[in-house]
Amino acid sequence: MFLAKVEGLVVSTKKDANMSGRKLLILRPQLVDEKDPTKFRPGANTIVAVDSLGAGVGEMVLFCQGSSARLAPGLKDAPVDAVIIGIVD
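Residues numbered from 1 in each chain as written. Predicted model: local features only at pLDDT ≥ 70, side-chain atom pairs only at ≥ 80, totals over all residues. Heavy atoms only, no water.

Draft legend 1. Layout of the nonpolar core. One finds Ala4, Val6, Leu25, Leu27, Ile47, Ala49, Ala55, Val61, Phe63, Ala82 and Ile84 forming the largest nonpolar core, which totals 11 residues. Put simply, the parts of the chain that give this core at least two residues each are strand E1 (2–10), strand E2 (23–32), strand E4 (47–51), strand E5 (60–65) and strand E6 (82–87). The contacts of Leu27, once residues within four sequence positions are left out, are Ala4, Lys5, Val6, Glu7, Asn45, Thr46, Ile47, Ala49, Val61, Phe63 and Ile84. Formed by 10 residues, the second largest nonpolar core is a distinct cluster that contains Leu24, Cys64, Ala69 and Val80. (Core = buried A, V, L, I, M, F, W, Y, C linked by side-chain atoms within 4.5 Å. Buried < 20%, exposed > 50% of the residue type's maximum accessible area, 1.4 Å probe, protein only. Helix = DSSP H or I, 4+ residues; strand = E, 2+ residues; numbered from the N terminus. Contact = heavy atoms within 4.5 Å.)

The structure is reproduced here in structure tokens:
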């Protein structure tokens with residue numbers, strides 16, 4: 001699992017049938033700040049992830065990638081590489 005901040009959303013009018021009705025969000029992974037290990041800093045890259053929980057822009061979330069992403073409910077046959085699995089309080 002990884003920690004990330006939701007930066008925005010992706011709109012795709014044409015996509016795989018198994019992705020129909022699924023919300024796609026842009027995530028920026030958060031890294032431990034080397035100068036102050038009690039804080040995070042934004043990573044350089046972004047990731048597109050399927051939102052399985054209803055997260056919104058600006059929220060901190062937990063996500064997983066790879067084959068673990070397809071283990072989320074309802075995603076077994078979907079071509080996903082990243083999925084949001086938790087919203088951080």
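Draft legend 2. View of the pattern of salt bridges. Tallying each qualifying case throughout the model produces 4 salt bridges. Close ionic contact of Glu34 with Arg41 constitutes a salt bridge, the shortest N to O distance being 3.1 Å. Judged by its relative accessible area of 29%, Arg41 is partly exposed. In this structure, the salt-bridge partner of Asp36 is Lys39, at a minimum N-O distance of 3.8 Å. (Salt bridge = Lys/Arg side-chain N within 4 Å of Asp/Glu carboxyl O.)

Draft legend 3. Region of interest: the pairing of E4. In terms of burial, E4 is largely enclosed, as 4 of its 5 residues are buried. Pairing analysis gives 5 bridges linking E2 to E4, with the strands arranged antiparallel. What sits directly across from Lys23, in E4, is Asp51. As judged from the 2 bridges shared by E4 and E6, these two strands associate in the parallel manner. Pairing of Val50 across the sheet is with Val83, part of E6. (Pairing = 2+ DSSP bridges.)

Draft legend 4. Just the side chain of Asp33, in detail. Here Asp33 is to be found in the loop between E2 and strand E3 (40–42). No salt bridge is formed by the buried Asp33; its nearest oppositely charged neighbour, Arg41, is found at 5.1 Å. If near-sequence neighbours (up to four positions away) are discounted, Asp33 is found in contact with Lys39, Phe40 and Arg41. (Lys, Arg positive; Asp, Glu negative; His and termini not counted.)

Draft legend 5. Geometry of the environment of Leu53. For Leu53, the location among the structural elements is in the loop between E4 and E5. Look at Leu53 and you get partly exposed, because its relative accessible area is 45%. When the C-alpha atoms of Leu53 and Ile87 are compared, they prove to be 7.7 Å apart, with 34 residues separating the residues in sequence. Once residues lying within four places of it in the same chain are set aside, the contact partners of Leu53 are Ile84, Ile85, Gly86 and Ile87.

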